[in-house]
Amino acid sequence: MPVHRISRDQHPHAVARAVVQLAAREAYHDTAALRGAALEALAPLARNVGDAELTGRWVPGALHRWARAVTFVREPGPLGEVLLSARHTIRSNMGDCDDVALAVCAMAMVFGVRATAVVRWIGPRMAHVAAVVAPDWNGSAPALVIDPQLEAIVELERGSPWQFGRVMPEAL
């Protein structure tokens, strides 16, 4: 279970950046194993779609259904932020918001869908991390927020409470 630790005093945008960097590393360096785990997790959730067609526009819906089914597990407080590998989160079906965002980003990337992570402040010292995917390479389709706390996928709009920090230009 590879983990990446981030100290408690790191800004949430640093967590989002780490999520995207680790997802990209896992998607591009462990492609075969991650793709196998992703297909196993997503294929049953892709409605009316076979494994061979699990690309592009079908991925966001399957990712959102998978993320909603993950069991939320709160991080142990004194350790700071602990990011689990995408494969671990996929296999265990457990994690907190940043673990799910990392797994969603990595699964999207392994299927050729652009992905990044965003932060939304939910309190004076608390932030929530979610994944954003852009299923259309030419930019004609909107970027979509994949957040297990939301019942439906939402389009990312200007002026939304989601903040990219410096993450968006690197990944989307």
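With that settled, consider the overall build of the chain. Counting secondary structure elements, the chain contains six helices and eight strands. The N-to-C order of helical and strand elements in the chain reads β-α-α-α-β-β-α-β-α-β-β-β-β-α. Residues classed as buried in the chain amount to 47% of the 172 residues present. Sequence separation of at least 24 residues holds for 60% of the intrachain contacts in the chain that already meet a minimum separation of 6. When the accessible surface of the chain is totalled, it reaches about 8800 Å², and 52% of it is carbon and sulfur.

This brings us to the confidence of the model for the chain. Mean pLDDT over the chain: 77, with 72% of residues reaching 70 or higher. Note on residues 49–54: pLDDT is under 50 here. Beyond four places in sequence and across chains, it has twelve contacts. Low pLDDT, under 50, characterises residues 165–172; the stretch is placed with 22 contacts to residues that sit more than four places away or in other chains.

The next subject is the nonpolar core. Grouped together as the largest cluster of nonpolar side chains are 45 residues, with contacts concentrated most on Leu 63 and Trp 66. Counting residues per element, the ones that place at least two in this core are α1 (12–29), α2 (31–42), α3 (59–69), α4 (86–92), α5 (97–110), β5 (114–121), β6 (127–134) and β7 (144–146). If you look at the next biggest cluster of nonpolar residues, it comprises six residues, including Val 118, Ala 143, Val 145 and Leu 156.

Take the packing of α1 against α5 next. With their axes 8 Å apart at the nearest point, α1 and α5 run at an angle of 40° to one another. The orientation of α1 relative to α5 falls into the category oblique. In terms of crossing hand, the pair formed by α1 and α5 is right-handed. On α5, the residues that touch Val 15, Val 19, Val 20, Leu 22, Ala 23, Ala 24, Glu 26, Ala 27 and Tyr 28 of α1 are Asp 98, Ala 101, Leu 102, Cys 105, Ala 106, Met 109 and Val 110. Of the residues contributing to the contact of α1 with α5, the split by class is 14 nonpolar, no polar and two charged.

Enumeration over the complete set of coordinates arrives at three salt bridges. Between Glu 40 and Arg 91 there is a salt bridge, with the nearest N and O atoms lying 3.6 Å from each other. Of this pair, Glu 40 sits in helix α2 while Arg 91 sits in helix α4, and the two are 51 residues apart along the sequence. Per residue, the accessibility class of Glu 40 equals that of Arg 91, and both read exposed.

Most of α3 sits out of view: eight of its eleven residues are buried. Looking only at α3, the buried set comprises Val 59, Pro 60, Gly 61, Ala 62, Leu 63, His 64, Trp 66 and Ala 67. In the core, the buried residues of α3 are packed alongside α2, α4, α5, β6 and β7.

The subject of this paragraph is unusual backbone geometry. Unlike most non-glycine residues, Asn 93 shows phi in positive territory, near 60°. Secondary-structure assignment places Asn 93 in the loop between α4 and β4 (94–95). Overall, Asn 93 belongs to the partly exposed group, its relative accessible area being 27%.

Calculation notes
- Along every chain, residues carry numbers that run from 1 in the direction the sequence is written.
- pLDDT decides what is reported in this predicted model: residues at 70 or higher carry local features, side-chain atom pairs at 80 or more are listed and counted, and totals for whole chains, interfaces and linings draw on all residues regardless.
- Side-chain numbers here rest on the full set of heavy atoms in the structure, without hydrogens or water.
- By definition, any uninterrupted DSSP run of H or I lasting at least four residues is a helix, any uninterrupted run of E lasting at least two residues is a strand, and each is numbered from the N terminus.
- Exposure categories follow from relative accessible area, calculated using a 1.4 Å probe and restricted to protein chains: below 20% of the type maximum is buried, above 50% is exposed, and the middle band is partly exposed.
- By definition, residues are in contact when any of their heavy atoms lie within 4.5 Å.
- Under the convention used here, a 1.4 Å probe and the Shrake-Rupley method define accessible areas, while residue burial counts only the protein chains that appear.
- Confidence of the prediction at every residue is given by pLDDT, a number between 0 and 100.
- In plain words, nonpolar cores are sets of buried Ala, Val, Leu, Ile, Met, Phe, Trp, Tyr and Cys residues tied together by side-chain atoms within 4.5 Å.
- Comment: axis = line fitted to C-alpha atoms, over the contacting stretch for helices; angle = value between 0 and 180 degrees taken between N-to-C directions.
- Should an angle fall under 35 degrees it is called roughly parallel, over 145 degrees roughly antiparallel, and 65 to 115 degrees roughly perpendicular, with every other angle called oblique.
- In this scheme, a crossing is called left-handed if the near helix is turned counterclockwise away from the far one by less than a right angle; it is called right-handed if the turn is clockwise.
- Three classes are used: nonpolar for Ala, Val, Leu, Ile, Met, Phe, Trp, Tyr, Cys and Pro, charged for Asp, Glu, Lys and Arg, and polar for all others, with Gly counted as polar.
- For this document, the term salt bridge refers to a Lys or Arg side-chain nitrogen within 4 Å of an Asp or Glu carboxyl oxygen.

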